[in-house]
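Summary of structural features
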Amino acid sequence: RRRQRQMCIRDRFLWAFSMLIKNILWSLFITGLCVGVHYILTRWVTRRLQCATLRKPRAGLLCSLLLLAHLLECGVYATFYYIHHCFSSFYDSLYFSITSFATVGYGDLLLPRFWEISGSLEGMTGALLTGWSVALLVAVVVLESGEKQR
């Protein structure tokens with residue numbers, strides 16, 4: 001009887017551990033996808049902003065395009081949550097994703113227990129990509145202010 005109980009505990013542990021690894025791998029895949037999207041979009045935007053036809057004001061245009069990029073990245077996470085039946089509607093998935101990505105996390109919608117780590121990693125990804133965007137925006141503002149002084 002005791003042996004059966006030990007085996008049951010071990011089986012549960014192995015199942016939980018395998019599910020945790022699966023969750024982390026999925027989360028890292030989605031995070032990598034978002035970082036790739038952000039890289040591609042920021043490279044595209046910076047190349048367009050360097051064109052002679054787009055002289056001023058570049059910072060406002062860049063800010064709008066970066067917000068669209070972040071919304072697209074939230075959409076990637078929202079699609080992931082919706083496909084894995086974490087929420088009943090895509091709207092709820094997108095709403096949760098935006099609040100997590102922006103690290104607001106109201107708490108009115110919660111992920112199922114199994115996917116909570118994904119939500120945490122989304123918050124960390126959002127902070128990282130927002131910092132990247134702010135650095136790019138600061139660089140453009142510094143360049144614009146240098147051009148005005150000439």
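Anything mentioned here points back to the structure above.
We now turn to the structure provided with this report. (Residues numbered from 1 in each chain as written. Predicted model: local features only at pLDDT ≥ 70, side-chain atom pairs only at ≥ 80, totals over all residues. Heavy atoms only, no water.)

**A few points about a nonpolar patch on the surface**
A cluster of nonpolar side chains, namely F13, L14, F17, L20, I21, I24, L25, L28 and I117, defines an oily patch on the protein surface of about 790 Å² accessible area. Considering every element that reaches the nonpolar patch, the biggest residue donor is helix α1 (residues 2–49), with 8 residues. (Patch = residues over 30% accessible without salt bridge, like charges linked within 9 Å, V, L, I, M, F, W, Y side chains within 5 Å. Areas by Shrake-Rupley, 256 points an atom, 1.4 Å probe, with all protein chains shown as cover. Salt bridge = Lys/Arg side-chain N within 4 Å of Asp/Glu carboxyl O. Helix = DSSP H or I, 4+ residues; strand = E, 2+ residues; numbered from the N terminus.)

**Things to note about the nonpolar core**
Buried together is how nonpolar side chains tend to be arranged in soluble globular proteins. One finds Y81, C86, F87 and L111 to be the most contacted residues of the largest nonpolar core, which totals 14 residues. Within the residue set of this core, elements represented by two or more residues are α1, α2 (58–83) and α3 (90–101). Take this core: its biggest share by element is 5 residues, from α2. Contacts of C86, omitting those with residues within four sequence positions, involve Y81, L111, P112 and W115. Residues V45, L49, L62 and L66 belong to the second largest nonpolar core, which totals 6 residues. (Core = buried A, V, L, I, M, F, W, Y, C linked by side-chain atoms within 4.5 Å. Buried < 20%, exposed > 50% of the residue type's maximum accessible area, 1.4 Å probe, protein only. Contact = heavy atoms within 4.5 Å.)

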